[in-house]
Amino acid sequence: MGKKIAVVNAGPRKGWNTDTLLAEAAKGAEAAGATVEYFDLFRLEKYTGCISCFGCKKEANKGHCMCKDGLTPVLDAIRKSDGLIIGSPNYLSQVTASFRALYERLIFQSLTYNAENPCCRQRTVPVLFIMTSNAPDTAYVNLLNDYQRTFETFV
Ligand SMILES: Cc1cc2nc3c(=O)[nH]c(=O)nc-3n(C[C@H](O)[C@H](O)[C@H](O)COP(=O)(O)O)c2cc1C
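So, a few notes on the structure that sits alongside this text.

Remarks on empty space enclosed by the protein
Scanning all chains against the criterion turns up one cavity of 30 Å³ or more. In terms of lining, the largest cavity is formed by 14 residues, of which the most central are Cys50, Cys53, Cys56, Cys65 and Phe108. Considering only residue class, the lining of the largest cavity consists of nine nonpolar, three polar and two charged.

Here you go:
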């Protein structure tokens, strides 16, 4: 069985920098036998960031985000995937607001508040995080490392 890879574009411009790098990464995954599902956060049904309902913290919900909106299919696909490729342009020294909306929902559902075992996911998957910017690639190393560390722990 080939691997399933979720690819998420958190930038608005089709065919530009972020989309191009993500499409190339997706091609590489496909060439290695993976099946790719591509999501454009700017072309989803309406969605929000985390609404602090704490539904994901209920035992019965097992770390699943209970807020149902345009991001739900993206969260489902990431959960079922063997790997995530996510990209965002840098906006004002950060990722986009759309990236943050997904990030809040994706990470918070897995957070336990237990320092010894902070993540409630049964398994974690590799994440490739791409950020495009006008500044040289050394400008945002700390930002990239912080996101990468959180992804490694919670996705
Ligand atoms: C609102 C906005 C804010 C931006 N802020 C930054 C920034 O702080 N630092 C930077 O290096 N580039 C910044 N950029 C440039 C983009 O990150 C860069 O051009 C990126 O590759 C665009 O990605 P895209 O082609 O996928 O849209 C900004 C662009 C926009 C539209």
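Next, the rest of the story.
Observations regarding the pairing of strand β4 (residues 127-132)
Here β4 lies mainly inside the structure; five of its six residues are buried. Pairing between strand β3 (residues 83-89) and β4: six bridges, direction parallel. For Ile86, the partnering residue across the bridge sits in β4 and is Phe129. After leaving β3, the chain enters helix α3 (residues 97-108) and then returns to the sheet as β4, a path that is right-handed.

Brief notes about the sheet that holds β4
Here four strands make up an open sheet; going across it, the order is β2-β1-β3-β4 and the pairing parallel. Two strands in the sheet have a free side with no partner beyond their single neighbour: β2 (35-40) and β4. The average angle at which neighbouring strand axes cross in this sheet is 15 degrees, direction not considered. Contacts from α3 reach β1 (4-9), β3 and β4 within the one sheet, and its direction differs from that of β3 by about 145 degrees.

Re the pairing of β3
Summarising burial for β3: seven of the seven residues are buried, a large majority. Here β3 shows a buried face lined by Gly83, Ile85, Gly87 and Pro89 and a second buried face lined by Leu84, Ile86 and Ser88.

Here's the deal with the site of the ligand
Thr18, Asn90, Leu92, Ala135 and Tyr140 are the nearest of the 14 residues found near the ligand. Here an oxygen atom of the ligand sits 3.0 Å away from a polar atom, N or O, in the main chain of Asn134. The separation between an oxygen atom of the ligand and a polar main-chain atom of Ala135 is 2.8 Å. Considering the ligand on its own, with 640 Å² of exposed area, one finds that the protein chains cover 75% of that surface. Among the residues making up the shell around the ligand, the classes are represented as six nonpolar, seven polar and one charged.

Focus on the pattern of salt bridges
Within the structure shown, the criterion is met by six salt bridges. The shortest N-O distance in the salt bridge between Lys14 and Asp40 comes to 3.1 Å. Taken as a pair, Lys14 in the loop between β1 and α1 (17-31) and Asp40 in strand β2 lie far apart in primary sequence, 26 residues in all. Classification of Lys14 by relative accessible area gives partly exposed; the value is 44%. Close ionic contact of Glu24 with Lys27 constitutes a salt bridge, the shortest N to O distance being 2.9 Å. Residue Glu24 and its partner Lys27 are both found in helix α1; the two are separated by three residues, about one turn of the helix. Judged by its relative accessible area of 44%, Glu24 is partly exposed. Here the residues in one salt-bridge network are Lys14, Asp40 and Arg43, joined through shared partners.

Conventions we followed
- Residues numbered from 1 in each chain as written.
- Predicted model: local features only at pLDDT ≥ 70, side-chain atom pairs only at ≥ 80, totals over all residues.
- Heavy atoms only, no water.
- 1 Å grid on protein atoms, 1.4 Å probe; cavity = no way out; pocket = protein on both sides within 12 Å on 5 of 7 lines; lining within 4 Å.
- Points joined across faces, edges and corners; volume = space filled by probe spheres on them.
- Nonpolar A, V, L, I, M, F, W, Y, C, P; charged D, E, K, R; others polar.
- Buried < 20%, exposed > 50% of the residue type's maximum accessible area, 1.4 Å probe, protein only.
- Helix = DSSP H or I, 4+ residues; strand = E, 2+ residues; numbered from the N terminus.
- Pairing = 2+ DSSP bridges.
- Right-handed = clockwise from strand over helix to strand, strands pointing away.
- Axes fitted to C-alpha atoms, helices over the stretch in contact; angles between N-to-C directions.
- Contact = heavy atoms within 4.5 Å.
- Near = heavy atom within 4 Å.
- Polar contact = N/O pair within 3.5 Å; in protein donor to acceptor, adjacent residues only side chain to side chain.
- Areas by Shrake-Rupley, 256 points an atom, 1.4 Å probe, with all protein chains shown as cover.
- Salt bridge = Lys/Arg side-chain N within 4 Å of Asp/Glu carboxyl O.

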